[in-house]
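The residues making up each chain are set out below.
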Amino acid sequence: MVGFDPGAKEAAISPKEAVLAGSAAGMVTRALISPLDVVKIRFQLQIERVSALRPEGKYAGLFQAFRCIYSEEGLSAFWKGHVPAQLLSICYGAVQFTSFEVLTKMVYKLTPYDSQSAGVHFFCGGLAACSATVVCQPLDTLRTRFASQGEPKVYRNLRHAVSTMWRTEGPLTFFRGLSPTLVAVYPYAGLQFFFYNVSKKWLGPSSKGGDSGGSLKSLVCGSGAGVISKTITYPFDLFKKRLQVGGFEAARARFGQVRRYSGLMDCMFQIAKEEGFRGFFKGLSPSLVKAALSTGFTFFWYEFFINLIHNVERRRTTSEPAKD
C-alpha cells in the first residue's frame, strides 16, 4: 500500500491521508525507539574508542551505556530532547510519505515507468526524504543538542534552546550538518523504499490475499530494509551528528574529548586520522537495532493507519442513510 498503485482495489491514498498516517506513524515510532536514539548519539559524539574489551571513553558498550545513563541521569534521560524529536518525527513522516505518494503518482501519469517498481521507489523515496530533511533539519539539530547534553543542562527547554542558539550562533546554526545529511539521506531512504518493495514482492501476498493494514510482513520487510540501508550509509549520519554539536563543546566536555570541525571534509579527515576506519562506524550497534525497529515500525504503522482511515471512511459512507 506504500506508493501509488494503479491496480489497487482500494482508492488511491490522498495527500491528506498520507499526512495523517505519516504523522501518526512517526509519532508512535519515535516514542518507542527514543532510548536507542539517545545511546546512538552519545556513541557517535564520543571521540574515544567505543569498546567493551578496551574501554577508553565514558561509554564502552551498548548495555554499559544504558546502565551509565540510567544511574547518572535517570530514566527520563532516555527521552531527552523528546519534544523536538517528536515534532521532527511527526513533521518528517508527514512530508516524506506525502511526497512519496505524490511523486509515485506523477511517475505513473507522466512517464512510461511502473510506479510500483523497486527502481521508481528508490528514486522517489530518496527525493521524498530530501524534501523532508530540508523542512525538518532545524528540529533535528535541536533534538541532537538536547540528547547530547549532560548535567547540568545547557538548555532548560525548547524555547530556551531556540532563543539561545539564535542569539549566540545565528540562524544558520539550525542547519548545521545539512550537507552530509542530504548526501546520506537520499541513498538511505531510497534503499529503504527499494528493499521494502523488493522484500514484500519476494515474500508474496499475505494469506488473506492482500497487503493492507500494517501486517507482520510489513514489520519484517521494513526492519530488513532499515538494517541494510543504515549499514551502507552510516558514516554520513555520524558526520552529521559531529557537525551539529559544533559550538556546543563546553557542554560536551564532561563526556570526554571534544573536537571542532570546519566542515564536512575536515570532519572526515580528522576522524580518519585520529580514530581510524572504525571511527566512521561508532554507534553502529544501537543504530542498527534502532534502524530495524524504526523502519519496521514506520512502515507497519503507516500502513496500519492508512488502513484504519480507509475503514473509517468506508463505514461512514455505508452507515449514512439514504436521503430518498
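Residues numbered from 1 in each chain as written. Predicted model: local features only at pLDDT ≥ 70, side-chain atom pairs only at ≥ 80, totals over all residues. Heavy atoms only, no water.

Student: Lay out the pattern of salt bridges with the relevant residues and their values.
Tutor: Counted according to the given criterion, the structure contains 16 salt bridges. Between R30 and D37 there is a salt bridge whose closest N-O contact spans 2.9 Å. Under the relative-accessibility criterion, R30 is labelled buried at 8%. Between R42 and E73 there is a salt bridge, with the nearest N and O atoms lying 3.1 Å from each other. (Salt bridge = Lys/Arg side-chain N within 4 Å of Asp/Glu carboxyl O. Buried < 20%, exposed > 50% of the residue type's maximum accessible area, 1.4 Å probe, protein only.)

Student: Outline the packing of helix α1 (residues 15–45) against helix α3 (residues 82–110), supporting the account with residue identities and numerical values.
Tutor: Across the interface, α1 lies against α3 with an axial gap of 7 Å and an inter-helix angle of 145 degrees. The element α1 and its partner α3 pack so that their crossing is right-handed. From α1, P15, A18, V19, G22, S23, G26, M27, R30, A31 and S34 reach across to α3, where they touch H82, A85, Q86, S89, I90, G93, A94, F97, T98 and E101. Along the lines of polarity and charge, the residues of the contact of α1 with α3 split into nine nonpolar, nine polar and two charged. (Axes fitted to C-alpha atoms, helices over the stretch in contact; angles between N-to-C directions. Helix = DSSP H or I, 4+ residues; strand = E, 2+ residues; numbered from the N terminus. Left-handed = near helix turned anticlockwise from the far one by under 90°. Contact = heavy atoms within 4.5 Å. Nonpolar A, V, L, I, M, F, W, Y, C, P; charged D, E, K, R; others polar.)

Student: Could you give me a rundown of the side chain of T133, with the residues and numbers involved?
Tutor: Looking at the element boundaries, T133 is found in helix α4 (residues 118–148). T133 gets classed as buried once you look at its relative accessible area, which sits at 5%. From its side chain, T133 meets the backbone oxygen of A129 in a polar contact 2.7 Å long. For T133, the contacting residues outside a window of four places in its chain are Y92, L178, T181, L182 and V185. (Polar contact = N/O pair within 3.5 Å; in protein donor to acceptor, adjacent residues only side chain to side chain.)

Student: So what's going on with the environment of N307? Residues and values would help.
Tutor: Considering the arrangement of structural elements, one finds N307 in helix α10 (residues 284–319). Along the primary structure N307 and E17 are separated by 290 residues, whereas in three dimensions their C-alpha atoms are 10.0 Å apart.

Student: Before we move on, can you summarise the packing of aromatic side chains with the specific residues and values?
Tutor: Ring pairs (aromatic) are described by centroid distance and by the angle formed between their planes. Across all of its chains, the model carries 22 aromatic pairs by this definition. Geometrically, the ring pair formed by F122 and Y186 is edge-to-face, given 5.8 Å between the ring centres and 85 degrees between the ring planes. Of this pair, F122 sits in helix α4 while Y186 sits in helix α6 (residues 178–203), placing them 64 residues apart in sequence. Joined through ring pairs, the aromatic side chains of F97, F100, F193, Y196, F299 and Y302 make up one cluster. (Phe/Tyr/Trp six-rings, centres within 6.5 Å; stacked < 30°, edge-to-face > 60°.)

Student: Explain the nonpolar core to me, using residue names and the numbers behind them.
Tutor: Of all hydrophobic cores here, the largest spans 24 residues; its most connected members are V2 and Y302. Residue assignment for this core shows that the elements contributing at least two residues are α1, α3, α4, α6, α7 (216–244) and α10. Not counting residues within four places of it along the chain, the set of residues in contact with Y302 comprises V2, I13, A18, A21, G22, A25, F97, E101 and F297. Counting residues in each nonpolar core, the second largest holds 11 residues, with I47, L238, L243 and L284 among its members. (Core = buried A, V, L, I, M, F, W, Y, C linked by side-chain atoms within 4.5 Å.)

Student: Please give an account of the state of the cysteines that cites residues and values.
Tutor: Two cysteines, two sulfur atoms, one covalent bond between them: this is a disulfide. Per the counting criterion, the structure on display carries zero disulfides. In this structure C124 is not part of a disulfide, and its nearest cysteine sulfur, from C130, lies 12 Å away. (Disulfide = S-S within 2.5 Å.)

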